[in-house]
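# Fold and geometry: a report
Listed below are the residues making up each chain.
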Amino acid sequence: ATSGNPGINITSSTPTWTWNFTGVSAITAGTSITISSSSGNVTINSSGGGGASTTEAFSETWSPGSFDLATTTFAAFNKVFGTNIVYTVLDFDATTEESAYRSTVVPSYASSSGVGTSTLTIQWTAAAGTGTYNPGVVYRCVTDDEVWDAATTPSTRTATTTDTLIATGDLHQAVITLTGADFAPRDACFFRLYRDVAQDTLNADARFIKAILDLQW
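Residues numbered from 1 in each chain as written. Predicted model: local features only at pLDDT ≥ 70, side-chain atom pairs only at ≥ 80, totals over all residues. Heavy atoms only, no water.

### Description of the overall build of the protein chain
Applicable threshold: Runs of H or I in DSSP of at least four residues are treated as helices and runs of E of at least two as strands, each being numbered from the N terminus. Between buried and exposed lies partly exposed: a residue is buried under 20% and exposed over 50% of the maximum accessible area for its type, with that area taken using a 1.4 Å probe on protein chains only. Any two residues whose heavy atoms approach within 4.5 Å are treated as being in contact. For the area figures, the Shrake-Rupley method with a 1.4 Å probe applies, and any residue is considered shielded solely by the protein chains shown.
What the protein chain contains, in helices and strands, is 0 helices and 16 strands. A total of 217 residues make up the protein chain; the buried ones form 36% of that total. Here the analysis covers contacts within the protein chain between residues at least 6 apart in sequence; of these, 71% occur between residues at least 24 apart. If you sum the accessible surface of the protein chain, you get close to 12200 Å²; carbon and sulfur atoms cover 49% of it.

So this is what it looks like as structure tokens:
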């Protein structure tokens, strides 16, 4: 059971007892919960492999204005004046591979054994065209005493996905799966978001709206 008072609430009816446990995340194999009453003690013993594990998570949302842009082949930062809302985008060209750069720090509570499941979800749309959009990301993490601005590191990875334009003006969400073994506590991680124009078929700008980085341990 979890440490401290697990908050055990007991309600009774005849002939059934219903025990509702609140604030208990797991019962480890080999432990027990003892409930005391005026008529004696009731002990609940756990068996098997123990309770469910607790999952820690880290999530971060990236807007167009949070990216750094190079001096050449960069995605164009634009403001869109819609009928009902005004929003900013990064427009990725249909024929030239353009990029945008972002960095973050892995939180200190992350598992030192690395991240199990991690994704980067790209929210995007298009004002015209048809076809598929292939967003990609090159990412790497730098730890203590590693070169900050190295061309590549042992942890450099590339990941892409494919998403089909459903309708112009619609919000689309393309999920990129990341290899999480290299995300260690307090690592500085760098991301280069790009459009894989050699692979996709969308014949218009792909409009980046937001990205959500999700890491889990």
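### Overview of the pattern of salt bridges
Which entries qualify depends on this criterion: Salt bridges are defined as contacts in which a side-chain nitrogen from Lys or Arg sits within 4 Å of a carboxyl oxygen from Asp or Glu.
With the rule as written, the count across this model stands at 3 salt bridges. When the shortest N-O distance is used, the salt bridge between Arg192 and Glu97 registers 3.4 Å. One end of the pair, Arg192, is in strand β15 (residues 188-195); the other, Glu97, is in the loop between β7 (86-92) and β8 (99-105), and 95 residues separate them in sequence. By relative accessible area, Glu97 is classed as partly exposed at 36%. Residue Arg195 is joined to Asp200 by a salt bridge in which the shortest nitrogen-to-oxygen separation is 2.7 Å.

### Let's talk about the confidence of the model for the protein chain
Quick reminder of the rule: Per-residue confidence from the prediction method is given by pLDDT, with values spanning 0 to 100.
With 71% of its residues at a pLDDT of at least 70, the protein chain reaches an overall mean of 82. The model gives residues 12-19 a pLDDT under 50, and that stretch makes 11 contacts with residues more than four places away or in other chains. The low-confidence segment residues 49-54 (pLDDT under 50) makes 11 contacts with residues lying over four places distant or belonging to another chain.

### Some points on a nonpolar patch on the surface
Formally: Candidates for patches are residues over 30% relative accessible area with no salt bridge; among them, like charges are joined within 9 Å and nonpolar side chains (Val, Leu, Ile, Met, Phe, Trp, Tyr) within 5 Å.
On the surface, a nonpolar cluster with roughly 260 Å² of combined accessible area is contributed by Leu69, Phe74 and Phe77. Inspection of the secondary structure assignment puts Phe77 in strand β6 (residues 76-81).

### As for the state of the cysteines
Linking two cysteines covalently through their sulfur atoms gives a disulfide. Going by this rule: By definition, disulfides here are pairs of cysteine sulfur atoms that lie within 2.5 Å.
Taken as a whole and judged by the stated rule, the model has 1 disulfide. Across the disulfide, Cys141 is cross-linked to Cys189 (sulfur-sulfur distance 2.1 Å). Across the S-S bond of Cys141 and Cys189 the torsion is about 100 degrees, and the bridge reads as right-handed. Residue Cys141 is found in strand β11 (residues 135-142), and its partner Cys189 is found in strand β15; the two are separated by 48 residues along the sequence. This pair shows no difference in class: Cys141 is buried, exactly as Cys189 is.

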